[in-house]
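Below are the chains, spelled out letter by letter.
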Amino acid sequence: MNYVINPMDSNDLRSFLDEKAKKIIKYFILKSLISQPESIIGQNSLPIQVPKEHIEQWFTQALNVKPIGAGSYPIDVYSESKKWGADLKMLNMAVNKNGEPLDSTSGEASLGQKFTGTAKSLDTLFAQKSYTQIKNAWLNLYKDKINKATTDYKLNDIIYFFVLRPNLRSKNEASFYLCGAKLDIESINKVEIDRATDTSLFLKSFIDTNYGNTKIYKSKKRLELRLRPKFWIDNNKTIKITTTFNPKNINLRDSKINFNFIQKRISDISKTKITFS
């Protein structure tokens, strides 16, 4: 491994998803589709929203792992038998009207946030251009967090699972992309400063720049990761989860909302086909 964050091939990713895991994820997707609000007539379709806590529970059930249950902890779940822990993140990705990924970065994911110690003087350190001090402080923060999880749960591997959510829904389908990466914390010693702005310090060698970038963000006092989803998809690093969910726009005030209406909506959504490819 050459970087701190190293993308997994789709075949490696599939090794975590047996047929039972896929059925469980399909079940949760169907349940989440039922709760999506309908757009009114003439309104653009809304992207599918799933709370991060629900995504965590999808994987807790599907992968037969144990939840951590602590929001600020570096991992969300762990496998007691296989000795790995995973942090689960959902990120927005840009697509065109046909649902094809654009060559742009995803939404951000926090890798570590702190408001005490060096973080309290972060504004001053940026003003003084003390970039090496900033980099070292935040990399040490990140390394300490990862090492704590490894020690607490006697882990051999730390994994990131990313669920990429398109920011638009295409006309014929609603899809997600699943990808993953393995962490090599020893490679953190290779991380260097790339460039700095008034608000951010960009790092290099944390992740291959084709796959994403990392920066220390002054105002939020955190280390952030953004992915480049198109490169992951084009280079066989993702599993696409496609659904045929395509609800019609409707003005609910013009409809008779009763038990039969709800039953029909549930029946229609239950016919949604979900495939992994």
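Worth saying up front: this structure is predicted, and the values here are computed from it rather than measured.

1. Considering the pairing of strand β12 (residues 238-243)
Next, step 1: The element β12 is extensively covered by neighbouring structure, given that five of its six residues are classed as buried.
Next, step 2: Relative to β12, strand β7 (residues 174-183) runs antiparallel, the two sharing six bridges. Counted as the bridge partner of L178 is I239 from β12.
Next, step 3: Where β12 and strand β13 (residues 274-276) come together, three bridges link them in antiparallel fashion. Among the inter-strand pairings, I241 is bridged to a residue of β13, identified as F276.

2. Remarks on the nonpolar core
Next, step 1: In terms of nonpolar packing, the biggest core is built from 44 residues, with I5, I134, Y142, F162, F206 and L227 touching the most fellow members.
Next, step 2: The set of elements that each furnish at least two residues to this core consists of β4 (84-93), β5 (109-113), α4 (122-127), α5 (131-153), β6 (157-166), β7, β9 (200-204) and β11 (222-227).
Next, step 3: Examining the composition of this core, we find that eight residues originate from one element, α5, more than from any other.
Next, step 4: Other than its neighbours up to four places away in sequence, Y142 contacts V4, L111, Y160, L183, I185, I188, F206 and L223.
Next, step 5: In terms of nonpolar packing, the next biggest core, distinct from the first, is built from 34 residues, I55, V163, I239 and I241 among them.

3. Comments concerning unusual backbone geometry
Most peptide bonds take the trans form, and the phi angle of most residues other than glycine is negative.
Next, step 1: Located in the positive-phi region is K154, a residue other than glycine, with phi close to 55 degrees.
Next, step 2: Relative to the helices and strands, K154 is located in the loop between α5 and β6.
Next, step 3: Looking at K154, the relative accessible area reads 60%, which means it is exposed.
Next, step 4: If you check the backbone angles, N236 has positive phi at about 60 degrees while not being a glycine.
Next, step 5: By secondary structure assignment, the location of N236 is in the loop between α6 (229-234) and β12.

Basis of the calculations
- Residues numbered from 1 in each chain as written.
- Predicted model: local features only at pLDDT ≥ 70, side-chain atom pairs only at ≥ 80, totals over all residues.
- Heavy atoms only, no water.
- Buried < 20%, exposed > 50% of the residue type's maximum accessible area, 1.4 Å probe, protein only.
- Helix = DSSP H or I, 4+ residues; strand = E, 2+ residues; numbered from the N terminus.
- Pairing = 2+ DSSP bridges.
- Core = buried A, V, L, I, M, F, W, Y, C linked by side-chain atoms within 4.5 Å.
- Contact = heavy atoms within 4.5 Å.

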